[in-house]
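Below are the chains, spelled out letter by letter.
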Amino acid sequence: MKDTTTIPYKIYLEENEMPKSWYNLRADMKNKPAPLMHPGTHEAMTAADLAPVFCEELVQQELDDTTPLIEIPQEIRDFYKMYRPSPLVRAYCLEEKLQTPAKIYYKFEGNNTSGSHKLNSAIAQAYYAKKQGLKGVTTETGAGQWGTALSMACSYFGLDCKVFMVKVSYEQKPFRREVMRTYGASVTPSPSMETAIGRKILAEHPGTTGSLGCAISEAVEVATSTPGYRYVLGSVLNQVLLHQSVIGLETKAALDKYGIKPDMIIGCAGGGSNLGGLIAPFMGEKLRGEADYQIIAVEPASCPSFTRGTFAYDFCDTGMVCPLAKMYTLGSGFIPAPNHAGGLRYHGMSTTLSQLYHDGLMEARAVKQTDVFEAAEQFARVEGILPAPESAHAIKVAIDEALKCKETGEEKTIVFGLTGTGYFDLVAYQKFHDGLMDDYIPTDEELQASFAKLPKVE
Ligand SMILES: *Cc1c(COP(=O)(O)O)cnc(C)c1O
């Protein structure tokens with residue numbers, strides 16, 4: 001066992017060391033992410049365009065490309081205190097197991113009831129909705145982590161929370177649903193008879209088990225047609241990356257406390273919010289020319305937005321009601337194979353991360369599902385935590401990199417984001433253990449067919 005006296009197993013921050021502001025990475029980007037575009041007029045979306053859908057202050061945050069630090073309101077900091085700081089853990093046991101000279105750290109965001117980092121933004125979005133005097137919010141959820149986080153946040157502020165849950169998940173993940181109902185949210189399987197778009201889809205496709213795109217369309221319809229309601233989203237948007245910067249700021253403060261400078265930062269990427277948050281202050285230094293880091297996004301080979309997608313304006317949803325965003329995308333009609341990392345099955349990617357990737361400031365890797373579960377299991381057996389399948393994508397690449405160090409003898413410092421726990425994903429673990437898990441990878445023809453349907457812009 002390596003010497004654990006100088007660097008503790010877990011680095012926590014004191015209350016007075018916690019971030020007081022979020023960091024807005026866009027302020028330091030020379031090439032700003034392209035603006036959201038109106039799907040009808042192809043003009044950049046203005047605050048007035050976004051106001052019927054989103055809360056006012058969140059619209060301001062969404063459009064703000066210049067303010068580097070945005071103060072975290074005291075009420076949100078008070079809530080963060082209930083489950084933050086999250087620990088930055090030195091993975092001594094994993095290092096030992098791998099016999100690597102690399103130093104591995106992970107930032108663990110699964111230490112709250114919702115089980116993932118999504119609560120960091122849910123509480124902020126609920127706060128601004130409450131402040132605006134709204135009655136409630138609507139959203140969609142696929143795998144259920146976002147819906148769970150949002151229902152916790154809404155119950156804290158006494159807001160009504162209407163969740164449209166993709167029907168297949170509603171039926172297959174009854175426990176997620178019950179957690180949301182425990183926190184007072186109403187959960188509707190989508191498509192439903194409650195909305196015009198839901199009734200239309202059900203009439204056209206009776207018996208459909210739904211999709212995320214359809215659930216988004218229903219949630220937006222209810223938000224825009226019910227007085228006192230707005231729609232909220234758990235990833236992809238700039239505002240979500242802003243709130244998630246608390247992850248990176250804490251990580252950097254904890255490392256700075258012990259004079260540690262990472263060489264490499266790794267995170268899984270679905271819509272890009274945890275990774276965007278984790279890397280924010282490090283990427284800021286890189287953009288300002290103060291330091292350099294290798295930054296790696298990890299995505300499933302079944303839904304490879306960065307590594308095989310195209311950089312273009314596309315719809316954010318399958319229902320094509322939301323604005324267009326310029327991002328690495330597989331096409332809004334692309335339906336990834338039913339892999340078991342629900343949070344990584346999004347066709348697109350944050351516009352901020354897309355621009356950074358396009359500018360060569362970060363890398364991306366795609367990994368196969370069975371390799372991911374193998375890494376998850378290896379990690380669980382030595383570090384104790386049962387990781388979410390999404391998080392295990394980052395574990396997989398962290399292990400790969402640590403093994404490279406073993407060959408070269410380099411003592412690199414690797415930091416990765418462990419976004420959540422996998423207790424609601426045990427059916428996936430079961431498939432893996434029973435040898436029933438597959439590794440479907442889309443063909444070039446499938447992707448080309450999807451790219452051909454991208455909206456024509458410019
Ligand atoms: C939602 C989710 C993700 C992926 O979302 P990002 O916006 O890319 O961070 C990753 N891990 C967990 C545990 C999630 O719930």
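See above for the structure.
A short tour of the structure in this document, coming up.

How each quantity is defined
- Residues numbered from 1 in each chain as written.
- Predicted model: local features only at pLDDT ≥ 70, side-chain atom pairs only at ≥ 80, totals over all residues.
- Heavy atoms only, no water.
- Pairing = 2+ DSSP bridges.
- Helix = DSSP H or I, 4+ residues; strand = E, 2+ residues; numbered from the N terminus.
- Axes fitted to C-alpha atoms, helices over the stretch in contact; angles between N-to-C directions.
- Contact = heavy atoms within 4.5 Å.
- Buried < 20%, exposed > 50% of the residue type's maximum accessible area, 1.4 Å probe, protein only.
- Expected span 1.5 Å × (residues − 1).
- Salt bridge = Lys/Arg side-chain N within 4 Å of Asp/Glu carboxyl O.
- Parallel < 35°, antiparallel > 145°, perpendicular 65-115°, else oblique.
- Left-handed = near helix turned anticlockwise from the far one by under 90°.
- Nonpolar A, V, L, I, M, F, W, Y, C, P; charged D, E, K, R; others polar.

1. Let's talk about the sheet that holds strand 6 (residues 136-141)
Line of reasoning, step 1. If you trace the four strands from one edge of the open sheet to the other, you get 8-7-6-9, paired in parallel fashion. With one partner strand each, in any of the chains shown, strand 8 (186-190) and strand 9 (229-231) form the two edges of the open sheet. Geometrically, the sheet is characterised by an average inter-axis angle of 25 degrees between neighbouring strands, direction not taken into account.
Line of reasoning, step 2. Of the strands in this sheet, strand 6, strand 7 (160-166), strand 8 and strand 9 are in contact with helix 10 (residues 212-225), which crosses strand 6 at around 170 degrees.

2. Remarks on the pairing of strand 11 (residues 294-300)
Line of reasoning, step 1. Burial runs high along strand 11: six of the seven residues are buried.
Line of reasoning, step 2. Here five bridges tie strand 10 (residues 264-268) to strand 11, and the two strands are oriented parallel to one another. Note that in strand 11 the partner of Cys268 across the bridge is Val298.
Line of reasoning, step 3. Sheet topology places strand 11 next to strand 14 (residues 363-367); five bridges connect them, and they run parallel. The residue bridging Val298 from the neighbouring strand is Arg365, located in strand 14.

3. A word on the environment of Pro68
Line of reasoning, step 1. With respect to the helices and strands, the residue Pro68 is situated in the loop between helix 2 (56-63) and strand 3 (69-71).
Line of reasoning, step 2. Take Pro68: its relative accessible area is 39%, and that puts it in the partly exposed class.
Line of reasoning, step 3. Among all residues touching Pro68, those that are not within four sequence positions of it are Trp22, Tyr23, Asn24 and Ala27.

4. Description of helix 10
Line of reasoning, step 1. Along its 14 residues, helix 10 runs 20 Å from first to last C-alpha, staying within 8% of the 20 Å computed at 1.5 Å per residue.
Line of reasoning, step 2. In terms of residue burial, helix 10 counts as a mostly covered element, since ten of its 14 residues are buried.
Line of reasoning, step 3. Of all the positions in helix 10, only Gly213, Cys214, Ala215, Ile216, Ser217, Glu218, Ala219, Val220, Val222 and Ala223 are classed as buried.
Line of reasoning, step 4. In this fold, the buried residues of helix 10 make contact with strand 6, strand 7, strand 8, helix 9 (196-204) and strand 9.

5. Side note on the pattern of salt bridges
Line of reasoning, step 1. In the structure shown here, the tally under the stated rule is 26 salt bridges.
Line of reasoning, step 2. When the shortest N-O distance is used, the salt bridge between Lys103 and Glu411 registers 3.2 Å. Placement of Lys103 in strand 5 (residues 103-108) and of Glu411 in the loop between helix 16 (389-408) and strand 15 (413-418) is noted, with a sequence separation of 308 residues between them.
Line of reasoning, step 3. On the basis of relative accessibility, which here comes to 54%, the residue Glu411 falls in the exposed class.
Line of reasoning, step 4. In this structure, the salt-bridge partner of Lys200 is Glu204, at a minimum N-O distance of 3.7 Å. One end of the pair, Lys200, and the other, Glu204, are both in helix 9, four residues apart, so they sit about a helical turn from each other.
Line of reasoning, step 5. Sharing partners across several salt bridges, the network here consists of Arg84, Lys107, Glu109 and Glu250.

6. A closer look at the packing of helix 5 (residues 119-131) against helix 11 (residues 238-257)
Line of reasoning, step 1. With their axes 8 Å apart at the nearest point, helix 5 and helix 11 run at an angle of 125 degrees to one another. The angle between helix 5 and helix 11 falls in the class oblique. The two elements helix 5 and helix 11 cross, and the hand of that crossing is right-handed. Taken together, the residues of helix 11 that come into contact with helix 5 (itself represented by Asn120, Ser121, Ala124, Gln125 and Tyr128) are Gln239, Val240, His243, Gln244, Val246 and Ile247.
Line of reasoning, step 2. Within the contact of helix 5 with helix 11, the residues separate by chemical class into five nonpolar, six polar and no charged.

7. So, the sheet that holds strand 5
Line of reasoning, step 1. Pairing within the open sheet is mixed, and its seven strands lie in the order 1-4-5-15-10-11-14. In this open sheet, the two edge strands, each paired with only one partner strand, are strand 1 (10-11) and strand 14.

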